[in-house]
Amino acid sequence: CFSSCSPKVCIVGSGPAGFYTAQHLIKAQKHVHVDIYERLPVPFGLVRFGVAPDHPEVKNVINTFTQTAKHLRCSFYGNVNVGKDVSVQELQRAYHAVVLSYGAEGNRTMGVPGEGLAGVYSAKDFVGWYNGLPSCRQLSPDLSCETAVILGQGNVALDVARVLLSPVDMLKETDITQPALEALAHSQVRRVLIVGRRGPVQVACTIKELREMVNLPGTRPDMVEADFDGVTEALKDLPRPRKRLTELMLKTALQTPGETEQERRDQASRTWGLRFFRSPVEVLADPERHRTAGIRLAVTRLEGSGEAARAVLTGEVEDVTCGLVISSIGYKSLPIDQSVPFDSQSAIVPNTLGRVKQAPGLYCSGWLKTGPTGVIATTMNNSFDTARSLLDDMESGVLDLSAAKSGSQVISALLEQRGVKPVSFSDWEKIDRVEMSRGEASGKPREKLLTVEEMLHVART
Ligand code: FAD
C-alpha cells in the first residue's frame, strides 16, 4: 500500500523554505511523499531572483535543493500559481498536510509624497530587474543621473549599492542579465548614498557586505565624521559581531588611510557613503520633466541606545539632489487565498511553531512564517522547525493519516481542466541547460531566460 497509504504533503513555494521543509520531511519520515507547487516555471525563489549576481557561492544551496527535488518521494510542479490556478482548500482536500512557503513578494512603501515619480524604485523591483525576474523585466531604470540615494541600510541596500558601483568588468562574469549589464555599462551614477534613520550602531547590514563596499575597486568611501560622535566610546559595550562591524565603519570613516589605500582612493572615480540620522520626507520633482530631482530628508536624533534606540525628528530638514531613489526598507508577505488566516499588521501567517493558527493541517515556513528577515541559514532552521511540528502531528495523530489522499493525481486533473500545464523538474533542467550554454558563449555562469513564455517554450521542446 506504499503509494495509497503513504502520507502526502504538499508545499507551496520552491524557495529555500520550501526545499528545506521538503528535505527534512523526506529524511525523517520514510514514507512521506512531498509535492512542491511553484508559481514560476523555474525553482529556487530568492536564491535565483534575490541573491546578488556577484555572490555565486551563496547559490551553491541549489545543489542540495536539486538532490531533494530528484528524490523518488519528491515532485516539482512549476508554473502553478496557488490561490489562482488552484485554491489552498483544494490542496488541503487532496493532501494530508499543506505547508505554505511562498515567501514575501510585496514590499513596504515609504508612504511619502513623490514616491510614485519616475526615478523612484523599490529595491525589490531593482533587484528583480538585474536578476531577471520576469515581472521586473520592463523596469529599465534610468541611470543617467550622477547621484543615487538608497533608503535603508540592510544587506539588500548594500547589494544594490554594490551593483550600481561595481566595475562592469566584474559584473560581466556573473549571471546578471544582459540588459542590466548593458544599462550599467552606460550608467552615469558616480555617487551612492545609503541612508538610515538611526545611527552607525544600529545599521542592519552585516560585516561581509560592508567589507565588500569598503574594498570595491574604483570606489572610495565618503562618510560624515560627525555621525560617529560617541561611537568609539560605545564600542566596548557592543556584542561581538556588532562590535566588529562598527569598528570597520569607524576605521573607514575616521582613520587616515595608509599610502596604498590613499592611492587607491585618489584614483577612484565613484564614491559611496553611509548617511545616518535621516528619514525620508518627500521625493522632490523636477518641474519640467516630472521626474525625481532630489529627496527631502528629516534630520533625526536617537532616543535611548543600542538596538532599541528610536529615531525622533529634530524638526530640521535637508535636501539632497539626486536622480535616482531606491527604497530598501523591507519586503512584505501578501495573502494569496482568502481561506488562509493572515495577520495584515505584521504581514505573516499567524502560527505557533509553524502550525497555522486555527487551521488544522496547514503549516508555514520561511519568510511567510517569520517575516522577511534572515539569511538562508536562518530560513533553513525555521523550516526544519516547521517540518518537525508537522512530523510530531503525524505521530501524535493530530493529522489523520487513516484516509487515503489522492495528492497530485486530483490536482493534476484540476489543473488540466483549467488549462494550466505544470513544469516538471526535468523540464526545469532543460531550461537550466539552455541558460548555462547561452552563458558559456559570453563567459558567464548562465544567461537567464527573461520571460515566462520563453521558459515555457524551452521546457516544452
Ligand atoms: P523565497 O525565496 O521568496 O521563496 C518563495 C517562493 O514561493 C518563490 O519561488 C515564489 O515564486 C513562490 N511563490 C510565491 N507565491 C506563490 C504562489 N501563489 N504559488 C506558488 N508559489 C508561489 N541570504 C543569504 O544567505 N545570502 C545572501 O546573499 C542573500 N541575499 C539576499 C538578497 C536579497 C535581495 C534578498 C531579498 C534576500 C537575500 N537573502 C540572502 C535572504 C534569502 O533569500 C531568504 O532567507 C530566503 O530566500 C527566504 O526563503 P523563502 O523560501 O521563505 O522565500
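All of the points below concern the structure found in this document. None of these values were measured; they are calculated from a predicted model.

When helices and strands are tallied, the chain shows 18 helices and 18 strands. Scaling as 2.2 N^0.38, a compact globule of 461 residues should have a C-alpha radius of gyration of about 23 Å, and the chain matches this with 24 Å. Each of the 461 residues in the chain was classed as buried or not, and the buried ones make up 54%. Across the chain, contacts joining residues at least 24 apart in sequence account for 75% of those joining residues at least 6 apart. For the chain, the accessible surface area stands at approximately 21000 Å², while carbon and sulfur atoms represent 51% of it. Side chains of the chain give 53 positive and 53 negative charges; the mean places of these two sets differ by 4 Å.

What follows deals with unusual backbone geometry. Despite not being glycine, Asn79 shows a phi value in the positive range, around 70 degrees. Position of Asn79 among the secondary structure elements: in the loop between strand E3 (74–77) and helix H5 (88–94). In this model, Ser140 sits at a positive phi of 30 degrees, which is unusual for a non-glycine residue. Looking at the element boundaries, Ser140 is found in the loop between helix H6 (123–130) and strand E7 (147–151).

This part is about the site of the ligand. The immediate surroundings of the ligand are formed by 34 residues, with Ala17, Glu38, Trp367, Ile376 and Thr379 found nearest. At a separation of 3.1 Å, a nitrogen atom of the ligand approaches a polar backbone atom of Arg39. For the ligand, an oxygen atom lies 2.9 Å from a polar atom in the backbone of Leu46. Isolated, the ligand exposes 1000 Å² of accessible area, and the fraction of that covered by the protein chains is 94%. Counting only elements with at least two residues in the shell around the ligand, the list comes to helix H2 (16–28), helix H7 (155–165) and helix H15 (376–396). Taken together, the residues of the shell around the ligand break down into 18 nonpolar, 12 polar and 4 charged. A domain split of the shell around the ligand shows at least three residues from each of domain 1 (2–105 + 333–423) and domain 2 (108–330).

Now for the packing of H2 against helix H4 (residues 61–69). In the contact formed by H2 and H4, the axes pass within 10 Å of each other and the chain directions differ by 50 degrees. By the angle between their axes, H2 is oblique relative to H4. Where H2 crosses over H4, the handedness of that crossing is left-handed. Residues Pro16, Phe19, Tyr20, Ala22, Gln23 and Ile26 of H2 pack against Val61, Thr64, Phe65, Thr68 and Ala69 of H4. Here the residues of the contact of H2 with H4 are counted per class, giving 8 nonpolar, 3 polar and no charged.

This next bit is on the sheet that holds strand E11 (residues 278–286). Hydrogen bonds along the backbone pair up the strands of a sheet, which may run parallel or antiparallel. Strand order across the open sheet formed by 3 strands is E11-E12-E13, with antiparallel pairing between neighbours. Both edges of this open sheet fall to E11 and strand E13 (310–321), since each of them pairs with a single strand only. Averaged over all adjacent pairs, the angle separating strand axes in this sheet is 20 degrees, with direction ignored. Judged from the 8 bridges that link them, E11 and strand E12 (residues 291–303) form a sheet pairing that is antiparallel. Bridged to Leu284 within E12 is Gly294.

This part takes up the sheet that holds strand E8 (residues 191–195). Pairing in this open sheet of 6 strands is parallel, and the strands run E6-E14-E7-E8-E10-E9 from one edge to the other. The open sheet has two edge strands with one neighbour each: strand E6 (120–122) and strand E9 (219–221). Here the average twist between neighbouring strands, direction ignored, is 20 degrees.

Evaluated as defined, the whole model comprises 27 salt bridges. Residues Asp222 and Arg275 are paired through a salt bridge, measuring 3.2 Å at the closest nitrogen-oxygen approach. Linking Asp222 in the loop between E9 and helix H11 (231–234) with Arg275 in strand E10 (residues 270–275), this pair joins segments that are 53 residues apart in sequence. The exposure class assigned to Asp222 is partly exposed, which follows from its relative accessible area of 26%. In this structure, Asp385 and Arg388 form a salt bridge, with 2.8 Å as the shortest nitrogen-oxygen distance. Here Asp385 pairs with Arg388, and both are found in helix H15, just 3 residues apart, close to one helical turn. One network of salt bridges, with partners in common, ties together Arg48, Asp432, Glu435 and Arg446.

Definitions and limits used
Residues numbered from 1 in each chain as written. Predicted model: local features only at pLDDT ≥ 70, side-chain atom pairs only at ≥ 80, totals over all residues. Heavy atoms only, no water. Helix = DSSP H or I, 4+ residues; strand = E, 2+ residues; numbered from the N terminus. Rg over C-alpha atoms; globule rule 2.2 N^0.38 Å. Buried < 20%, exposed > 50% of the residue type's maximum accessible area, 1.4 Å probe, protein only. Contact = heavy atoms within 4.5 Å. Areas by Shrake-Rupley, 256 points an atom, 1.4 Å probe, with all protein chains shown as cover. Lys, Arg positive; Asp, Glu negative; His and termini not counted. Charge placed at Lys NZ, Arg CZ, Asp CG, Glu CD. Near = heavy atom within 4 Å. Polar contact = N/O pair within 3.5 Å; in protein donor to acceptor, adjacent residues only side chain to side chain. Nonpolar A, V, L, I, M, F, W, Y, C, P; charged D, E, K, R; others polar. Domains from an automatic or database assignment. Axes fitted to C-alpha atoms, helices over the stretch in contact; angles between N-to-C directions. Parallel < 35°, antiparallel > 145°, perpendicular 65-115°, else oblique. Left-handed = near helix turned anticlockwise from the far one by under 90°. Pairing = 2+ DSSP bridges. Salt bridge = Lys/Arg side-chain N within 4 Å of Asp/Glu carboxyl O.

These results come straight from atomic positions and should not be treated as a statement about function.
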